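Listed below, chain by chain, are the residues.
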Amino acid sequence: MTDQATRPEEEIPGKPTAASRTTLSHIMTGSDTNLLGTVHGGVIMKLVDDAAGAVAGRHSGGPAVTASMDEMVFLEPVRVGDLVHVRAQVNWTGRSSMEVGVRVMAERWNESTPAQQVGSAYLVFAAVDADGKPRRVPPVIPETERDKRRYQEAQIRRTHRLARRRAIKELRERRAADGIDD
């Protein structure tokens with residue numbers, strides 16, 4: 001494993017957004033369906049986590065674990081026979097964490113119609129060393145105007161995530177101080 005965690009004062013060179021961007025494609029079969037006959041949301045979520053994990057590992061240059069799924073939106077149902085494309089990229093990096101944005105597209109395997117967006121998600125990954133301890137990640141370098149917008153939006157989501165975590169912690173501490181045991 002790298003010695004990034006032992007020398008935090010060293011500057012890690014940044015990586016452009018495109019360096020770790022990837023697409024995972026999968027055809028949906030009958031074993032992927034829910035009781036309604038469409039593809040189970042959990043199957044899509046696993047594909048999202050797989051693609052995001054590959055991107056996080058590529059960007060960080062080693063293992064990265066899912067810390068949170070900030071948001072998962074299902075826009076349209078996915079059907080058996082759909083070819084699903086899960087596109088992922090690093091939107092933002094911190095010291096040891098990365099936000100990965102994911103877009104889920106689907107197209108009929110036997111038609112020549114364009115793929116339609118059926119979902120999106122934002123996941124936070126933490127880069128870890130061999131002992132499971134956080135390790136530094138290279139800064140992401142947004143390349144396009146779209147990448148710059150995604151970087152700024154990711155910073156907003158991070159601010160909201162931290163504020164929400166702080167507010168919940170304070171509420172729980174107040175309830176505990178008041179003798180309320182949940």
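In the nomenclature of an unreviewed UniProt entry, the protein corresponds to Acyl-CoA thioesterase from the organism Streptomyces rhizosphaericola. Taken verbatim from the UniProt record of the protein, the Sequence similarities (unreviewed entry) comment is "Belongs to the acyl coenzyme A hydrolase family."

1. A short note on the overall build of the protein
A tally of regular secondary structure across the protein gives 2 helices and 7 strands. In sequence order, the protein lays out its α and β elements as β-β-α-β-β-β-β-β-α. With respect to the principal axes defined by its C-alpha atoms, the protein has extents near 55 × 50 × 35 Å. Considering the protein as a whole, with its 182 residues, one finds that 36% of them fall into the buried category. On the protein, roughly 10600 Å² of surface is accessible, and the fraction owed to carbon and sulfur atoms is 52%. Averaged over its 27 positive side-chain charges, the protein has a centre that lies 2 Å from the centre of its 25 negative ones.

2. Some remarks on helix 2 (residues 145-177)
The first and last C-alpha atoms of helix 2 sit 48 Å apart over 33 residues, in line with the 48 Å expected at 1.5 Å per residue. Asp-147, Arg-150, Ala-154, Arg-157 and Arg-161 are the residues of helix 2 that are buried. Check the buried side of helix 2 and you find it contacts strand 3 (64-74), strand 4 (82-93), strand 5 (97-108) and strand 6 (116-127). Where helix 2 terminates, the next one or two residues include Gly-179, which has phi positive at roughly 80 degrees.

3. A word on the UniProt feature "domain: HotDog ACOT-type" (unreviewed entry) in the protein
Annotation from UniProt places "domain: HotDog ACOT-type" (unreviewed entry) at residues 18-131. As annotated, residues 18-131 comprises 18% helix and 46% strand, and the C-alpha atoms at either end are separated by 29 Å.

4. Here's the deal with the side chain of Arg-157
Turning to its location among the elements, Arg-157 is positioned in helix 2. Classification of Arg-157 by relative accessible area gives buried; the value is 16%. Apart from residues no more than four positions distant in its own chain, Arg-157 is found in contact with Asp-70, Asn-91, Glu-99, Tyr-122 and Arg-150.

5. Points about the nonpolar core
Most often, soluble globular proteins keep nonpolar side chains buried together rather than apart. Counting 28 residues, the largest nonpolar core has Ile-44, Val-48, Val-84, Met-98, Val-100, Val-102 and Phe-125 as the members making the most contacts within it. Setting aside anything within four residues of it in sequence, one finds Ile-44 in contact with Met-28, Val-39, Met-72, Phe-74, Val-78 and Val-104.

6. Considering the pairing of strand 5
In regular strands, side chains alternate between the two faces of the sheet. Counted residue by residue, strand 5 has 9 buried out of 12 residues, so it is predominantly covered. Two strands pair when backbone bridges link them, and strand 4 and strand 5 are joined in this way by 11 bridges, in the antiparallel orientation. Among the inter-strand pairings, Val-84 is bridged to a residue of strand 5, identified as Ala-106. A loop of 3 residues connects strand 4 with strand 5, the two strands running antiparallel in sequence. Bridge analysis of strand 5 against strand 6 gives 10 bridges, and the strand direction is antiparallel. Its bridge partner lying in strand 6, Val-100 is registered against Leu-123.

Cut-off values and rules
- Residues numbered from 1 in each chain as written.
- Predicted model: local features only at pLDDT ≥ 70, side-chain atom pairs only at ≥ 80, totals over all residues.
- Heavy atoms only, no water.
- UniProt positions renumbered as here; feature names shortened; annotations may be inferred.
- Helix = DSSP H or I, 4+ residues; strand = E, 2+ residues; numbered from the N terminus.
- Buried < 20%, exposed > 50% of the residue type's maximum accessible area, 1.4 Å probe, protein only.
- Areas by Shrake-Rupley, 256 points an atom, 1.4 Å probe, with all protein chains shown as cover.
- Lys, Arg positive; Asp, Glu negative; His and termini not counted.
- Charge placed at Lys NZ, Arg CZ, Asp CG, Glu CD.
- Expected span 1.5 Å × (residues − 1).
- Contact = heavy atoms within 4.5 Å.
- Core = buried A, V, L, I, M, F, W, Y, C linked by side-chain atoms within 4.5 Å.
- Pairing = 2+ DSSP bridges.

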